[in-house]
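# Topology and contacts: notes
For reference, the chains in residue letters:
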Amino acid sequence: MRFPLTPALLSLSLATPALADDTVLDFGVPAWPGITVKTEIAQQLLAPLGYETRSHELGLQVIYQGLETDDIDVFLGAWMPAQTSMYTPREASGTITRVTNNVIGAQMTLAVPDYLYAQGIQSIADLDAHRERFDGKIHGFGAGSAASEVLHAAIDEDTWGLGDWQVMDTSVVGMLGAARSAIDREVPIVWVGWTPHWMNIELPLRYLDDSKNLFGENNGETDVLTVLRSDYADAHPNLVDFFEQFTFDAEEQSWMIQEFSQKERDPETIASQWLQEHPERVETMLEGVTTLDGKPAWPAVEASL
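No experiment lies behind these values; they were computed from the predicted model shown.

### Things to note about the overall build of the protein
Per the secondary structure count, the protein includes 16 helices and twelve strands. Taken over the C-alpha trace, the protein has a radius of gyration of 21 Å; the compact-globule value for 305 residues is 19 Å, and the two agree within 12%. The burial tally for the protein puts 50% of its 305 residues in the buried class. Intrachain contacts of the protein at a sequence separation of at least 6 include 76% that bridge at least 24 residues. Of the roughly 13500 Å² of accessible surface on the protein, a fraction of 50% belongs to carbon and sulfur atoms. Separation between the mean location of the 17 positive side-chain charges and that of the 47 negative ones in the protein comes to 5 Å.

As structure tokens, this is what we get:
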């Protein structure tokens with residue numbers, strides 16, 4: 001169940017530390033489909049182990065503040081390097097502990113429809129030779145986003161010949177609407193793509209190679225970190241063991257995002273379906289993990305399934 005946790009409550013907790021309830025595991029959850037469903041899966045796994053959990057739908061800055069003020073214990077959506085400015089100082093101070101990368105294969109870079117890729121437009125280096133076909137436009141999803149900053153820097157520095165290109169920043173909905181429309185008409189378009197996301201299931205896309213790593217090392221490879229409040233991690237090694245093994249691949253989370261944001265199913269049902277359909281994966285996630293009273297975790301979860 002999700003509870004609002006306001007900045008006012010965060011401020012109040014500084015004056016009254018008793019508000020931070022160490023017997024309850026509090027998740028910080030931004031309004032992102034993938035993190036929402038993934039958090040629900042974790043909660044459904046931890047309940048039969050005897051853990052009480054709460055999830056709080058919050059903005060990103062407030063989540064990081066909550067990790068500092070003991071109001072938030074765990075966050076499953078620390079996208080790196082995009083959140084470096086918020087994450088790194090808190091890790092350096094010992095406030096938070098990196099547990100694992102919970103999405104294998106996450107990536108952000110430029111994408112084109114597969115018919116353009118088949119025509120030979122396979123890297124960002126190929127774009128400028130076809131500038132007129134693209135009308136010199138790259139579609140983005142928001143001014144001020146990390147992706148927008150990357151592209152504007154590339155334009156300023158004329159990287160890959162992009163100096164006379166434009167970034168068409170709208171929104172995720174607007175950007176993907178433009179991509180879908182172009183694909184329906186089989187005309188050229190290039191946009192900021194990433195995985196996990198439902199676009200990887202519903203749109204015939206290919207990611208462009210980029211030896212200059214504009215969007216980060218290994219052509220935009222992204223880590224999605226599980227972060228625990230350090231004091232909480234020290235006090236609950238069994239939960240550290242659990243979260244170290246609580247991982248997914250990008251295709252699995254793309255499916256979760258599609259089910260939630262496109263098919264508008266509730267996260268509880270999506271999480272339950274995933275657990276029912278992947279018992280072998282669940283058993284692997286629970287190796288070496290115990291219930292609160294010290295019994296093996298998998299039998300307790302298997303009985304609940």
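Let us keep going from here.
### A closer look at the nonpolar core
Ranked by internal contacts, the top residues of the largest apolar core, which has 40 residues, are Phe 27, Ile 41, Leu 45, Leu 46, Phe 242, Phe 243 and Phe 246. At six residues, the largest contribution of residues to this core is made by helix H2 (residues 33–46). Other than its neighbours up to four places away in sequence, Phe 243 contacts Leu 25, Phe 27, Ala 42, Leu 46, Val 74, Leu 76, Val 99, Thr 100, Thr 226 and Leu 228. Within the second largest apolar cluster, 39 residues are counted, among which are Ala 147, Leu 176, Trp 194 and Ile 257.

### Re the layout of surface pockets
Where empty space is left becomes clear once a probe the size of a water molecule has been rolled over the atoms. What the largest pocket holds in volume is close to 860 Å³. Secondary structure elements with two or more residues in the lining of the largest pocket: H2, strand S3 (74–80), helix H7 (146–156), helix H8 (172–185) and helix H13 (250–262). Among the residues making up the lining of the largest pocket, the classes are represented as 24 nonpolar, ten polar and one charged.

### Describing the pairing of strand S9 (residues 191–195)
Where burial is concerned, most of S9 is hidden: five out of the five residues are buried. Side chains Trp 191, Gly 193 and Thr 195 project from S9 onto one buried face, and the interleaved Val 192 and Trp 194 project onto a second face that is buried too. Across five bridges, strand S6 (residues 107–113) lies against S9 in antiparallel orientation. Pairing of Gln 107 across the sheet is with Thr 195, part of S9.

### Regarding the packing of aromatic side chains
Applying the stated criterion across every chain, the model contains nine aromatic pairs. Taking the centre distance of 4.9 Å and the plane angle of 75° together, the rings of Phe 242 and Phe 243 count as edge-to-face. Each member of the pair Phe 242 and Phe 243 is classed as buried. Put simply, the rings of Phe 27, Phe 242, Phe 243, Phe 246, Phe 248 and Trp 274 pair up and form one aromatic cluster. Sitting over the ring of Tyr 117, Arg 206 keeps its end group 3.9 Å from the ring centre. Sitting over the ring of Trp 160, Lys 212 keeps its end group 4.3 Å from the ring centre.

### Describing unusual backbone geometry
With an omega dihedral of 15°, the bond running from Met 80 to Pro 81 counts as a cis peptide bond. Along the chain, Pro 81 falls in the loop between S3 and helix H4 (84–92). Cis geometry is adopted by the peptide bond preceding Pro 196, which originates at Thr 195 and carries an omega value of 10°. The residue Asp 70 is not glycine, and still its phi comes out positive at about 70°. Within the secondary structure, Asp 70 sits in the loop between helix H3 (60–68) and S3. Note on Asp 70: relative accessible area 29%, which makes it partly exposed. Phi at Asn 218 takes a positive value of approximately 55°, unusual for a residue other than glycine.

### A few points about the packing of H3 against H4
At a closest axis distance of 11 Å, the pairing of H3 and H4 adopts a crossing angle of 5°. Comparing their axes, H4 and H3 come out roughly parallel. Seen from H3, the contacting residues are Leu 60, Gln 61, Tyr 64, Gln 65 and Glu 68; seen from H4, they are Met 86, Tyr 87 and Arg 90. Each residue belonging to the contact of H3 with H4 can be placed in one class, and the counts come to four nonpolar, two polar and two charged.

The rules behind these values
- All chains use their own residue numbering, which begins from 1 and follows the written sequence.
- Residue-level local features of this predicted model are given only where pLDDT is at least 70; pairs of side-chain atoms are given and counted only at 80 or more, and the full residue set underlies all totals for whole chains, interfaces and linings.
- Only heavy atoms go into the side-chain values, all of them from the structure, while hydrogens and water stay out.
- Each helix corresponds to a stretch of at least 4 residues labelled H or I by DSSP, and each strand to a stretch of at least 2 residues labelled E; elements are numbered beginning at the N terminus.
- Two things to know: the radius of gyration comes from C-alpha atoms, and the globule rule equals 2.2 Å times the number of residues to the power 0.38.
- Only protein chains enter the accessibility calculation, which uses a 1.4 Å probe; a residue whose area is less than 20% of its type maximum is buried, one above 50% is exposed, and one in between is partly exposed.
- Here a residue-residue contact requires only that any non-hydrogen atoms of the pair lie within 4.5 Å.
- Residue burial considers only the protein chains on display, and all accessible areas are found by Shrake-Rupley using a 1.4 Å probe.
- None of His or the chain ends enter the tally, which takes Lys and Arg as positive and Asp and Glu as negative.
- The location of each charge is read from NZ of Lys, CZ of Arg, CG of Asp or CD of Glu.
- For the purposes of this section, nonpolar cores are sets of buried Ala, Val, Leu, Ile, Met, Phe, Trp, Tyr and Cys residues that join through side-chain atoms within 4.5 Å.
- Both cavities and pockets are sets of points on a 1 Å grid over the protein atoms alone; in a cavity a 1.4 Å probe fits but cannot get out, in a pocket the set is open with protein on both sides within 12 Å along at least five of seven lines, and lining residues sit with an atom within 4 Å of a point.
- Grid points are joined across faces, edges and corners, and a volume is the space filled by probe spheres set on the points.
- Gly counts as polar in this scheme, as do all residues outside two lists: the nonpolar Ala, Val, Leu, Ile, Met, Phe, Trp, Tyr, Cys and Pro, and the charged Asp, Glu, Lys and Arg.
- Note: two strands are recorded as paired if DSSP finds a minimum of 2 bridges between them.
- Centre distance within 6.5 Å is the pairing criterion for rings of Phe, Tyr and Trp, where only the six-membered ring of Trp is used; planes under 30 degrees apart are then read as stacked, over 60 as edge-to-face, and the remainder as tilted.
- Comment: the charge-over-ring label is applied if NZ (Lys) or CZ (Arg) is within 6 Å of the ring centre and within 35 degrees of the ring normal.
- Think of each axis as a best-fit line through the C-alpha atoms, taken over the contacting stretch in the case of a helix, with angles from 0 to 180 degrees between the N-to-C directions.
- If an angle is under 35 degrees, it is roughly parallel; if it is over 145, roughly antiparallel; if it lies from 65 to 115, roughly perpendicular; otherwise it is oblique.

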